[in-house]
Amino acid sequence: MEDQTGYSVHRKILDEGSVDEMAEKSESKTLLSEKVRKSVRCSGPRLKECLLRSVPLLSWLPRYPIRENALGDMISGISVGIMQLPQGMAYALLASVPPVFGLYSSFYPVLIYFIFGTSKHISIGTFAVISVMIGGVTERLAPDSDFMIWDNVTNSSNVDIISRDAERVRVATAVTFLAGIFQILLGLVKFGFVVTYLSEPLVRGYTTGAAIHVIVSQLKYTFGISPVRYSGPLSLIYTVLEMCYLIPETNIGTLVVSIVTIISLILTKELNAYLSKKIPVPIPVELLVIIGTVVSWQVNLGEKYGVDVVGIIPSGFQPPVFPEVSLFGQVIGDAFALSVVGYGIAISLGRIFALKYGYKVDSNQELIALGLSNSFGGIFQCFAISCSMSRSMVQESTGGKTQVAGALSAIVILFIVLWIGALFEDLPKAVLAAIIYVNLHGMMKQFLDIPVLWKKNKVDAAIWVATFILTVLLNPDIGLAASIGFAMLTVIFRTQLPTYSLLGQIPGTDIYRPLEDYNQVRQVPGILVFRSSATLYFANAEMYQDAVGKKSGIDIAKILSAKKKQEAKRERIEKENAKKAKKKGPEQKDIAFVELEAEPEPSHPRAIILDLSPVNFLDTVGVKALQNIQRDYGQIGIEVVLAGCQTGVVDNLQTGGFFSDKVTNSCLFATIHDAVLYCQSARAQEEVIKVI
């Protein structure tokens, strides 16, 4: 290790008032009205900047390098478009709407994001977690039981599928439109930071729990059974029990199709991994959709073996219809959860690619872009979207450089919907379920996070596990709210249970460290330096006061109680002596009783320094706690001063009424060492700090 250069600093001891005077603290603060006036002020350059920021397409498309990017974007767009076909239909089943609506959701929102989005690599469209959340809403508000009709031929009641699906589409578009409005509003008020409340362990635990819901919801297509749909907390447990009860009724043809498809998908993915360095474009797994459709059509799986197929896929798009406002009140909570989860997943993946390729993703603009995609999509019969990790990885690995790849994928979907969609009417739903299972393998690998997090940070591991359990048991909507609540509680508990330390000086320096953590640190004689690792507010103010007493070894309540009793006794003796003096005659009346102040307890420190450098704010309860400490210890002859206050904390002390005629900002010091030297010398202002 190289020798460190020594240095020497000579200055006076600085309290807060001296620092403000030397640094010429500014008292001027920008008024809210001035901020508003400045934000709405308009000029030519400002208008252009605002337009380019609001519509990013206008800034990058004119400079699009065709030679460098066109080929890669085209290959990537076609690859992702082919992926959108089975995923769109499969995730529509998760949302409990007809498969063709998944294709609509892979078209309109992608084009809107192409215009307004800032990420170059994420693939916008249907996503499993979002789809299963929508499925929970649609099946809650439009259950099968509301659409039962009597069949005179079979003398049994059947579900009116056409009416049920139409109502579920209305519910899905309403919740999607409202989620988009929430995202737009959050983006306009610059609330992009709201995603910070979704920590990475929480997001990964949540998506893993939601993936379990996705898998369970698709088991009915794998086994060809029709379980009762449950909703509310513990519905997943009831559904699994119902599945186990119905296993003997499994459709063998459907199960065989599922097993063959899953094995084929796994083998194809392994082959792609093996040949990844030898072939420029991976073998499209989605070809199995075409193969499955052809086999189903040739063998007539639907009629001969009772295998459930996709059914009618109308060609063309649905006309725009404004969502039913009457449904908004019933889906407002679900819409907000969708807006937060969808944005959280998209911005997390977007930032990963932005960091990798050296560009910036605007979090607020991303909110607006997703909001416009969902709100316009809701009008055009789409359900809520986000970004898919599997499609985004394909878009990147096949050479996609910009969102032109996304626009090209939308054109592929346009071609499918207009001309060849009807060819997939015989596609077994079991094939779509198998595609969902295999696409979720990445989320299942997230269980490996638990041992890694346990080694790094046990609180993060607890958040992951708790989020997973809450999501599985309470469903994705309520589970998300409960998970965020649990994560916030861990923060509160950590501020309620901070580490309290006594600090000592490293000899020959002005550096102070906890006495229990360092062997060569020495406590300054007669001075106690106290620090809390957390900020000081109502939740831990009382514990802060108790910790000061415990670390100093002073039972302040007991001492003050004894002092009050002593004072009461002294007053009683004075009164008795006064009565005796009055009886003895007038010659005694000029006698005065003078009490000498008691000497401070030798075992007590002469001063206590409260290091407030970790404190970033003080509420009124925190200010009162500091007042109590200074008053109580001052009554027994111990001076209490504060050190290392941030500017905001000083303002909190000022507005909280900490200062008075007797207590000024001269009891606040810039550093611990300033406070120590002040406490050591009565001539503190003339002392010079010498640090070697």
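Being a predicted model, the structure only gives us computed values, none of them experimental. (Residues numbered from 1 in each chain as written. Predicted model: local features only at pLDDT ≥ 70, side-chain atom pairs only at ≥ 80, totals over all residues. Heavy atoms only, no water.)

**Quick notes on the sheet that holds strand β6 (residues 512-514)**
In spatial order, the strands read β6-β5-β7-β8-β9-β10; together these six strands make up an open sheet with mixed pairing. With one partner strand each, in any of the chains shown, β6 and β10 (668-669) form the two edges of the open sheet. Two strands pair when backbone bridges link them, and strand β7 (residues 527-532) and strand β8 (residues 607-611) are joined in this way by five bridges, in the parallel orientation. Paired with Val-529 across the two strands is Ile-609, which belongs to β8. With respect to the sheet, helix α25 (residues 620-634) is in contact with β8 and β9 (639-643), its orientation differing from that of β9 by roughly 145 degrees. (Pairing = 2+ DSSP bridges. Helix = DSSP H or I, 4+ residues; strand = E, 2+ residues; numbered from the N terminus. Contact = heavy atoms within 4.5 Å. Axes fitted to C-alpha atoms, helices over the stretch in contact; angles between N-to-C directions.)

**As for the packing of aromatic side chains**
Across all of its chains, the model carries 23 aromatic pairs by this definition. Considering the side-chain rings of Phe-177 and Phe-328, the 6.0 Å spacing of their centres and the 10 degrees angle between planes classify their relative orientation as stacked. Here Phe-177 is found in helix α9 (residues 161-188), whereas its partner Phe-328 is found in helix α15 (residues 328-357), with 151 residues between them in sequence. Each member of the pair, Phe-177 together with Phe-328, is buried. Between Tyr-500 and Phe-530, the aromatic rings sit 5.8 Å apart at their centres with planes inclined by 15 degrees, giving stacked as the arrangement. Taken together, the residues span a long stretch of sequence, with Tyr-500 in strand β5 (residues 500-505) and Phe-530 in strand β7 at a distance of 30 residues. Phe-530 carries the same exposure label as Tyr-500, and that label is buried. Among the aromatic residues, ring-to-ring pairing joins Phe-101, Tyr-104, Phe-107, Tyr-108, Phe-317 and Phe-380 into one connected group. It is Lys-120 that lies over the ring of Tyr-359; its NZ or CZ is 4.9 Å from the centre. Taking NZ or CZ as reference, Lys-458 lies 5.0 Å from the ring centre of Trp-454, over its face. (Phe/Tyr/Trp six-rings, centres within 6.5 Å; stacked < 30°, edge-to-face > 60°. Buried < 20%, exposed > 50% of the residue type's maximum accessible area, 1.4 Å probe, protein only. Lys NZ or Arg CZ within 6 Å of the ring centre and 35° of its normal.)

**A look at the nonpolar core**
Ranked by size, the top nonpolar core spans 111 residues in total, and within it Met-89, Val-97, Ile-122, Val-129, Ile-134 and Val-341 carry the most contacts. The element that contributes the greatest number of residues to this core is α15, accounting for 14 residues. Dropping the residues within four chain positions of it, Val-97 is found in contact with Ala-92, Arg-168, Val-169, Ala-172 and Phe-383. Counting residues in each nonpolar core, the second largest holds 51 residues, with Tyr-512, Val-548, Leu-560 and Leu-653 among its members. (Core = buried A, V, L, I, M, F, W, Y, C linked by side-chain atoms within 4.5 Å.)

**Some thoughts on the side chain of Ser-235**
Within the secondary structure, Ser-235 sits in helix α11 (residues 235-246). Using a relative accessible area of 6% as the deciding quantity, one classes Ser-235 as buried. A distance of 2.9 Å separates polar atoms of two side chains, one belonging to Ser-235 and the other to Asn-475. If sequence neighbours within four positions are ignored, Ser-235 has contacts with Tyr-230 and Asn-475. (Polar contact = N/O pair within 3.5 Å; in protein donor to acceptor, adjacent residues only side chain to side chain.)

**Section: the UniProt feature "transmembrane region" (unreviewed entry) in the chain**
Residues annotated by UniProt as "transmembrane region" (unreviewed entry) correspond here to residues 91-116, 171-198, 245-267, 279-299, 335-355, 367-386, 406-424 and 468-493. Structurally, residues 367-386 comprises 65% helix and 5% strand, and the distance from its first C-alpha atom to its last is 11 Å. (UniProt positions renumbered as here; feature names shortened; annotations may be inferred.)

**Digging into the pairing of strand β2 (residues 148-151)**
In terms of strand pairing, β2 meets strand β3 (residues 156-159) through four bridges, oriented antiparallel. From the neighbouring strand, Asp-151 faces β3, where its bridge partner is Ser-156. In textbook terms, the turn of a hairpin is the stretch between consecutive antiparallel strands, and for β2 and β3 this stretch comprises four residues, one of which, Asn-155, has a positive phi near 55 degrees.

**Examining the confidence of the model for the chain**
For the chain, mean pLDDT is 85; residues scoring 70 or higher make up 92% of the total. Within the chain, helix α7 (residues 108-116) carries the highest mean pLDDT (95), whereas helix α2 (residues 32-40) carries the lowest (66). Contacts from residues 593-598, a stretch scored under 50 in pLDDT, to residues over four places away or in other chains number two contacts. For residues 682-692, every residue scores under 50 in pLDDT, and the model assigns this stretch 25 contacts once sequence neighbours within four places are set aside. (pLDDT = per-residue confidence, 0-100.)

**Observations concerning the environment of Gly-209**
Within the secondary structure layout, Gly-209 lies in helix α10 (residues 200-223). Sequence separation between Gly-209 and Trp-464 is 255 residues; the distance between their C-alpha atoms is 9.9 Å. Look past the residues within four positions of Gly-209 in its chain and what remains in contact with it is Phe-468, Thr-471 and Val-472.

**As for a nonpolar patch on the surface**
A contiguous nonpolar patch, built from Leu-185, Leu-188, Val-189, Phe-191, Phe-193, Tyr-197 and Met-488 and spanning about 660 Å² of accessible area, is present on the exposed surface. You can see Leu-188 is positioned in helix α9. The class of Leu-188 is exposed, set by a relative accessible area of 56%. (Patch = residues over 30% accessible without salt bridge, like charges linked within 9 Å, V, L, I, M, F, W, Y side chains within 5 Å. Areas by Shrake-Rupley, 256 points an atom, 1.4 Å probe, with all protein chains shown as cover. Salt bridge = Lys/Arg side-chain N within 4 Å of Asp/Glu carboxyl O.)

**Points about unusual backbone geometry**
Its identity as a non-glycine residue notwithstanding, Leu-234 has a phi of 65 degrees, on the positive side. Position of Leu-234 among the secondary structure elements: in the loop between α10 and α11. For Leu-234, a relative accessible area of 35% translates into the label partly exposed. Within the chain, Asn-300 stands out as a residue other than glycine whose phi angle is a positive 60 degrees. If you trace the backbone, Asn-300 turns up in the loop between α13 (287-299) and α14 (301-304). For Asn-300, a relative accessible area of 30% translates into the label partly exposed.

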